[in-house]
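Single-letter residue listing:
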Amino acid sequence: AKAICEPSRARLPRAAADDAPHRCARDVTDGRRAVINALFILNDAPAEPGRSLNALSLASSMSLHASSYVRVFLLGPAAACACSVHGLREREASTALLATVIRHGGEVRICQRSGDEQPGCTGHLIAGASPASLADLSRWIAEADRVLVF
């Protein structure tokens, strides 16, 4: 289930309504519970002490539940997590976890500047992942119910 976002216009003067922050209305999955929009922000390389792999394991696990909508934003060295070039065991594990998130309807974005700085990854992102700006990240943060930073 995807979040449907529209500007919040309730109780705002007409002139201010155009600059209103976005509020997300979520689909109800089973009539009892609304979908939780979870955003994971990662900033460590896949081979670092394990934070990125732990975060991706949690994101992958959450994406399996119909009550969760998962987004992953990769900053700095974490951009290597979405690099499809094989050879490093941790990188292969991270791409498999990201593929699970994407396969279950989640989104994966890589900071445009960070993706360009990763050696050997330019043009080798996993299918379904795409570059994004920090403005996109700020919009995702505003739309998220939960933000987890690793």
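Draft legend 1. Summary view of helix α5 (residues 134-143). Here α5 has its buried residues at Leu137, Trp140 and Glu143. One side of α5 holds all its buried residues, which, seen down the axis, span an arc of 125 degrees. Residues Ala135 and Ala142 are exposed on α5 and point more than 90 degrees away from its buried face. The N-cap of α5, judged by a side-chain oxygen 3.3 Å from the amide nitrogen of Ala135 a few residues on, is Ser133.

Draft legend 2. Structural view of the side chain of Glu107. By the element assignment, Glu107 lies in strand β5 (residues 107-111). Setting aside residues no more than four positions away along its own chain, Glu107 makes contact with Tyr69, Val70, Arg71, Val72, Val101 and Trp140.

Conventions we followed
Every chain's residues receive numbers from 1 upward, in the order its sequence appears when written. Where local features are concerned, this predicted model is filtered to residues with pLDDT of at least 70; where side-chain atom pairs are given and counted, the filter is 80 or more; whole-chain, interface and lining totals use all residues. Side-chain measures were taken over the full set of non-hydrogen atoms in the model, leaving aside hydrogen atoms and water. Exposure categories follow from relative accessible area, calculated using a 1.4 Å probe and restricted to protein chains: below 20% of the type maximum is buried, above 50% is exposed, and the middle band is partly exposed. The helix count covers DSSP runs of H or I at least four residues long, the strand count covers runs of E at least two residues long, and both are numbered beginning at the N terminus. Along the arc lie the directions from the helix axis toward the C-beta atoms. Under this definition, polar contacts are N or O atom pairs within 3.5 Å; protein pairs additionally need one hydrogen-donor-capable and one acceptor-capable atom, and for neighbouring residues in sequence, both atoms have to be side-chain atoms. When checking whether two residues touch, look at their non-hydrogen atoms; a contact exists if any pair is within 4.5 Å.

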